[in-house]
Amino acid sequence: MTYTKEEVLLEVEHVDLNYGERSILRDVNFTIRNIVRPGMSQGQVVSLLGRSGIGKTQLFRLLAGLQQPSSGSITIFGNKEVEAGDMGVVFQHYYLFEWKTIYQSLMMACRQNPALKGNEKDAIAKWATAFEVTDILHKYPQQLSGGQRQRASIMQQLLKGSAFLLFDEPFSGLDICVLDKVVDMLLQVSVSDELKTLVIVSHDIETSVAISDTVFILGKEEGQPGATVKQEIDLVERGLAWQKDVRREKAFADTLDEIKASL
Ligand SMILES: Nc1ncnc2c1ncn2[C@@H]1O[C@H](COP(=O)(O)OP(=O)(O)OP(=O)(O)O)[C@@H](O)[C@H]1O
């Protein structure tokens, strides 16, 4: 499979996060590069995995620009310090404007995206079909199921057009059929644009590995306070990226075992 890793899209350098004397994150470093495959529009899907309480949500907030690190930097596209609003953020509880219909919220999102000017309705119709939410567009969020809220919330962030989409635990609380659909949807989103980068923060190792091209493992190093990125797993190199039936591969099971052992 031919591919190259090109320019840096996101760079986390020497990030520390402390609360008072307590170190939560320590010297976190990782880089996401543009993956290029000839003849394809190939986005990036990156997972940050770690056990409960390790600091995933804290790192998520830093990446989203919702909080500043105590030291270090997070930059996108080479040199821009990340700020709130730079990234589309899909929270675990799928925040939606409760007093607006889904269609109104999606239209508002489209208006933040200059690339969609004049084509807002078509864009909503296209993604609503892909996400199977056409019949709920004129409902209010409180009238939707959890799965429908999730899809509407992903669509809302997608239509804003940010190159980065951050997901906090996108697979939690979904039954197996819905889970497959969500995985498919995220893959569709990731290939919708060459530079589109999905960052998934999760403790669901299996689903994250099945969908990602790269996994970063957040954990503690022996005798050190705070969590850091202990390991990067390049799933493309292992032949585990971009394959529908990846779960059947032996290398997939081996990778899961390796991750579980290092968490
Ligand atoms: N405002 C705060 N002040 C002090 N400590 C905090 C604060 N917010 C979070 N923490 C601590 O930071 C650590 C990491 O929390 P975080 O929520 O990021 O974990 P997590 O990996 O997302 O866990 P989970 O998977 O269970 O959601 C925890 O020990 C938590 O107690």
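Bear in mind that the values here come from a model prediction, so they are computed numbers and not experimental data. (Residues numbered from 1 in each chain as written. Predicted model: local features only at pLDDT ≥ 70, side-chain atom pairs only at ≥ 80, totals over all residues.)

Asks: Hey, could you run me through the overall build of the protein in this one?
Replies: Helices and strands together make up the secondary structure of the protein, namely 7 helices and 10 strands. A globule of 263 residues ought to have a C-alpha radius of gyration of about 18 Å, and the protein, at 18 Å, matches this closely. Residues classed as buried in the protein amount to 40% of the 263 residues present. Counting only contacts in the protein whose residues sit at least 6 apart along the sequence, the fraction spanning at least 24 positions is 69%. (Helix = DSSP H or I, 4+ residues; strand = E, 2+ residues; numbered from the N terminus. Rg over C-alpha atoms; globule rule 2.2 N^0.38 Å. Buried ≥ 20, exposed ≤ 12 C-beta atoms within 10 Å, placed from the backbone. Contact = placed C-beta atoms within 7 Å.)

Asks: Looking at this structure, I do not really get the sheet that holds strand β5 (residues 80-81). What am I missing?
Replies: Across the sheet, 4 strands lie side by side as β2-β1-β4-β5; this open sheet has antiparallel pairing. Two strands close off the open sheet at either side, each with one partner strand: β2 (22-36) and β5. In this fold helix α1 (residues 56-63) packs onto β1 (4-19), β2 and β4 (71-76), with an angle of close to 55° to the strand it touches most, β2. (Pairing = 2+ DSSP bridges. Axes fitted to C-alpha atoms, helices over the stretch in contact; angles between N-to-C directions.)

Asks: Just checking my understanding: could you explain the nonpolar core for this structure?
Replies: Side chains of nonpolar character tend, in soluble globular proteins, to be buried together. Counting residues in hydrophobic clusters, the biggest one holds 70 residues, and the most contacted among them are Leu63, Met155, Leu165, Leu166, Leu198 and Val199. Looking at this core, you find at least three residues from each of domain 1 (4-86 + 163-262) and domain 2 (93-161). Once residues lying within four places of it in the same chain are set aside, the contact partners of Leu166 are Phe60, Leu63, Ala64, Met87, Val89, Val90 and Val199. (Core = buried A, V, L, I, M, F, W, Y, C linked by C-beta atoms within 7 Å. Domains from an automatic or database assignment.)

Asks: What's the story with unusual backbone geometry in this structure? I'm lost.
Replies: For His14, which is not glycine, the phi torsion reads 50° and is therefore positive. For His14, the position within the fold is in strand β1. With 12 C-beta atoms counted inside 10 Å, the residue His14 sits in the exposed group. One non-glycine residue, Glu132, adopts positive backbone phi at about 55°. When you line up the elements, Glu132 lands in the loop between α3 (120-131) and α4 (146-160).

Asks: How should the UniProt feature "domain: ABC transporter" (unreviewed entry) in the protein be read in this particular structure?
Replies: Here the UniProt-annotated "domain: ABC transporter" (unreviewed entry) positions come out as residues 10-245. With 28% helix and 28% strand, residues 10-245 has end C-alpha atoms that lie 29 Å from one another. (UniProt positions renumbered as here; feature names shortened; annotations may be inferred.)

Asks: What should I look at first to understand the site of the ligand in this one?
Replies: The environment of the ligand is formed by Tyr19, Ile24, Gly50, Ser52, Gly53, Ile54, Gly55, Lys56, Thr57, Gln58 and His203. Looking at which element gives the most residues to the shell around the ligand, the answer is α1, with 3 residues. Here the residues of the shell around the ligand sort into 3 nonpolar, 7 polar and 1 charged. (Near = placed C-beta within 6 Å. Nonpolar A, V, L, I, M, F, W, Y, C, P; charged D, E, K, R; others polar.)

Asks: Quick question: what am I supposed to make of the domain arrangement of the protein here?
Replies: For the protein, the domain assignment lists domain 1 (4-86 + 163-262) and domain 2 (93-161). Domain 1 and domain 2 are separated by 25 Å when their C-alpha centres are compared. Taken together, the contact between domain 1 and domain 2 spans 8 residues of the former and 9 residues of the latter. Looking at which element gives the most residues to the side of domain 1 that touches domain 2, the answer is helix α5 (residues 176-190), with 5 residues.

Asks: I tried to follow the environment of Phe60 on my own but got confused; where do I start?
Replies: Locating Phe60 in the fold gives a position in helix α1. Expressed as a C-alpha distance, the spacing of Phe60 and Leu48, which sit 12 residues apart in the sequence, is 9.1 Å. Beyond its immediate chain neighbours, meaning those up to four positions away, Phe60 contacts Leu166, Asp168 and Val201.

Asks: Got a minute to help me understand the packing of helix α2 (residues 102-111) against α3 in this structure?
Replies: At their nearest, the axes of α2 and α3 sit 10 Å apart, and the two run at 120° to each other. As judged from the angle between their axes, α2 and α3 are oblique. Crossing hand, α2 versus α3: right-handed. Taking contact as the criterion, the partners of Tyr103, Leu106, Met107, Cys110 and Arg111 in α2 are, on α3, Glu120, Ala123 and Ile124. A class-by-class count of the residues in the contact of α2 with α3 yields 6 nonpolar, no polar and 2 charged. (Parallel < 35°, antiparallel > 145°, perpendicular 65-115°, else oblique. Left-handed = near helix turned anticlockwise from the far one by under 90°.)

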